[in-house]
Amino acid sequence: NAGVMQNPRHLVRRRGQEARLRCSPMKGHSHVYWYRQLPEEGLKFMVYLQKENIIDESGMPKERFSAEFPKEGPSILRIQQVVRGDSAAYFCASSLNTLAGSYNEQFFGPGTRLTVL
Amino acid sequence: DAKTTQPTSMDCAEGRAANLPCNHSTISGNEYVYWYRQIHSQGPQYIIHGLKNNETNEMASLIITEDRKSSTLILPHATLRDTAVYYCIVNGGGSNYKLTFGKGTLLTVNP
């Protein structure tokens, strides 16, 4: 059973370009989460998606960032007009359930390291 | 979500048990305690979780105090590959999907 897959593993962009990060959840998982890790810091929640729905995007910057999880295909985190401050590791996680009040075991992918020149 | 406090770093000899403490004195009744670890440059790896009772799996044991205000993750026989940052996370309720990672504890296993 393959784990969470992310690609690319490393991405280099110049300021002003677009970055597109992909995440394929574990088989059978329909809940996807994106986290960002700045250098020397812990992971910060960005967004929670289910198929075709954004459930919670409270951790997403208001501008330039968007996420989707279409009916078919991987989840995409898109960053438009990247700036140097967007340089970070972006991790995707997936889970089997998120029943309120229940536990939520998230499985993380290897991450995409974005470098903005 | 309740805040957690962990030591910044710890050392452990290879083959010995590693005991990683975590304080979560403001934990609510419906919040779980999770442990994840992050080996350098990799994604976080789920280790174990618990609510009230002690838990054990193939990776570790989790000891939760009776008042639930603190817990200890135990790696029974630490190996060099267990060197990582260990995160104690308290989470539950309606936003149980939003894991909050603090600074964690850097565990260094020495030969």
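This write-up is about the structure you can find in this document. (Residues numbered from 1 in each chain as written. Chains lettered and ligands numbered in written order. Predicted model: local features only at pLDDT ≥ 70, side-chain atom pairs only at ≥ 80, totals over all residues. Heavy atoms only, no water.)

Across all of its chains, the model carries 13 aromatic pairs over all chains by this definition. With 5.0 Å between their ring centres and 20 degrees between their planes, Tyr-33 of chain A and Tyr-48 of chain A make a pair best called stacked. Separated by 15 residues along the polypeptide, Tyr-33 of chain A in strand 4 (residues 31–37) and Tyr-48 of chain A in strand 5 (residues 44–50) bring together distant segments of the chain. Neither Tyr-33 of chain A nor Tyr-48 of chain A differs from the other in exposure class; each is buried. Plain terms: the ring middles of Tyr-35 of chain A and Phe-101 of chain B are 6.0 Å apart, the flat faces sit at 85 degrees to each other, and that makes the pair edge-to-face. (Phe/Tyr/Trp six-rings, centres within 6.5 Å; stacked < 30°, edge-to-face > 60°. Helix = DSSP H or I, 4+ residues; strand = E, 2+ residues; numbered from the N terminus. Buried < 20%, exposed > 50% of the residue type's maximum accessible area, 1.4 Å probe, protein only.)

The next thing to look at is the pairing of strand 3 (residues 19–24) of chain A. All names here are of chain A. Across the two faces of strand 3 the burial differs, with Ala-19, Leu-21 and Cys-23 buried and Arg-20, Arg-22 and Ser-24 not buried at all. Bridge count for strand 1 (residues 5–7) against strand 3 is three bridges, and the pairing is antiparallel. Paired with Asn-7 across the two strands is Arg-22, which belongs to strand 3. Across five bridges, the pairing between strand 3 and strand 8 (residues 75–79) is antiparallel. Bridging from a neighbouring strand, Arg-20 pairs with Arg-78 of strand 8. (Pairing = 2+ DSSP bridges.)

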